[in-house]
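Topology and contacts: notes
So the chains spell out like this:
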Amino acid sequence: MGSSFRALVLIGIMVILGTPGAAQVDLGRLQTLYQDMRSGDPETRYKAAGSIQADEQFLKYPETPDRFLALLEVERREIDRLYASGEGYGAGELYASLQSSAWKLWKDKLTPEAFRVFAQGAYNPGSRFARELGARAGRFLKELIPLTTVDGEEIRMYTRENATALVGYALAADQEGTAPLTPVDRAVLIQALTNAAASKDFGVRAEAVRGMKLAGGEWALPVLQK
């Protein structure tokens, strides 16, 4: 009886050790990469992020989603700084790759803070990422609506364009029944599109019009006519 029990325990240990999810993670290496992602050198940051993206165990480690989200916020600020200085931002593909990996880790467990970071990021408002983010935006109006304002220069113009696009996608998801809104939230989003349609910036107005087309509804007719 004792030998049978020991055999079963040994088999259980072998099964656990043979399970991919139980593979040993090189925590020393991973912590070094996390540290490198905080470097002041962009090349070092992206090289570290790339190494994590290339290692499934590193990518699935519980700490990685938060680390990637923090790096996205760092890069957003760097984009702002470079554009403000007239230098431009030269790491677009690397940023897009980081954003894509971070989104896969977060999209099924979005928090208000994660939504804010993604919504403020640099991305094509017509991209699949934007559509997926917008379809979830109805749950995060507190974070989204301030980004759609047409007043004040503290919010970048392309942030307002992208946020306006997210409003349209949220209303479209509501119309399709995939992410229903409350009447109050629907009214808030409609008002956001109406306000954006009055923006002095063509890009913001264009996204407002596209949002109205996606959302449908007679409420949009007088706004479009104006």
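These lines cover the structure that appears in this document, whether it is placed above or below. These figures come from a predicted structure and were not determined experimentally.

On to the overall build of the protein. When its secondary structure is counted, the protein shows 13 helices and zero strands. Listed N to C, the secondary structure of the protein is α-α-α-α-α-α-α-α-α-α-α-α-α in terms of helices and strands. When contacts within the protein are restricted to residue pairs at least 6 apart in sequence, those whose partners lie at least 24 apart make up 61%. Carbon and sulfur atoms form 57% of the exposed surface of the protein, whose accessible area is close to 12,700 Å².

Aromatic ring pairs are reported here in terms of the distance separating the ring centres and the angle at which the planes meet. Per the stated rule, a full pass over the model turns up five aromatic pairs. Where Trp103 meets Phe118, the ring centres are 5.2 Å apart and the plane angle is 85°; that geometry is what we call edge-to-face. You can see Trp103 sitting in helix H6 (residues 92-106) and its partner Phe118 sitting in helix H7 (residues 112-120), a full 15 residues away along the chain. With respect to burial, Trp103 and Phe118 carry one shared label: buried. When the centroid spacing of 4.9 Å and the interplanar angle of 15° are considered together, the rings of Phe115 and Phe140 count as stacked. A residue pair is termed long-range when its members are at least 10 positions apart, and Phe115 in helix H7 and Phe140 in the loop between helix H8 (128-135) and helix H9 (141-144) qualify at 25 residues. Assigned by exposure class, Phe115 and Phe140 land together as buried. Joined through ring pairs, the aromatic side chains of Trp103, Phe118, Tyr123 and Phe129 make up one cluster. Across from the ring centre of Trp106, 5.3 Å away, lies the NZ or CZ of Lys109, which sits over that ring.

With the rule as written, the count across this model stands at 10 salt bridges. Ionic pairing is found between Arg77 and Glu73, a salt bridge with its closest N-O pair at 3.6 Å. In this pair, Arg77 and Glu73 both sit in helix H5 (residues 64-85), four residues apart, roughly one turn of the helix. What makes Arg77 exposed here is its relative accessible area of 52%. By relative accessible area, which is 9% here, Glu73 ends up buried.

This part covers helix H2 (residues 27-36). Residues spaced three or four apart along an α-helix face the same direction, because each turn holds 3.6 residues. When H2 is considered as a whole, its buried residues turn out to be Leu30, Leu33 and Tyr34. All buried residues of H2 fall inside an arc of 105° around its axis, so they share one side. On its buried side, H2 packs onto helix H3 (42-53), helix H4 (56-60) and H5.

Ranked by size, the top nonpolar core spans 50 residues in total, and within it Leu110, Phe115, Phe118, Leu133 and Leu144 carry the most contacts. Setting aside its immediate chain neighbours within four residues, Leu133 contacts Trp103, Leu110, Phe115, Phe118, Ala119, Tyr123 and Leu166.

Following the sequence through the fold, Arg45 ends up in helix H3. Arg45 has contacts with Asp36, Met37, Ser39, Gly40, Leu71, Val74, Glu75 and Glu78, leaving out every residue within four places of it along the chain.

In this section: helix H12 (residues 202-215). Here H12 contains 14 residues, and its C-alpha end-to-end distance of 20 Å stays within 8% of the 20 Å for a straight helix at 1.5 Å per residue. Here H12 has its buried residues at Gly203, Val204, Glu207, Ala208, Gly211, Met212 and Ala215. Of the residues flanking the end of H12, it is Gly216, one or two places downstream, whose phi is positive at about 70°.

Criteria and thresholds
- Residues numbered from 1 in each chain as written.
- Predicted model: local features only at pLDDT ≥ 70, side-chain atom pairs only at ≥ 80, totals over all residues.
- Heavy atoms only, no water.
- Helix = DSSP H or I, 4+ residues; strand = E, 2+ residues; numbered from the N terminus.
- Contact = heavy atoms within 4.5 Å.
- Areas by Shrake-Rupley, 256 points an atom, 1.4 Å probe, with all protein chains shown as cover.
- Phe/Tyr/Trp six-rings, centres within 6.5 Å; stacked < 30°, edge-to-face > 60°.
- Buried < 20%, exposed > 50% of the residue type's maximum accessible area, 1.4 Å probe, protein only.
- Lys NZ or Arg CZ within 6 Å of the ring centre and 35° of its normal.
- Salt bridge = Lys/Arg side-chain N within 4 Å of Asp/Glu carboxyl O.
- Arc of directions from axis to C-beta.
- Core = buried A, V, L, I, M, F, W, Y, C linked by side-chain atoms within 4.5 Å.
- Expected span 1.5 Å × (residues − 1).

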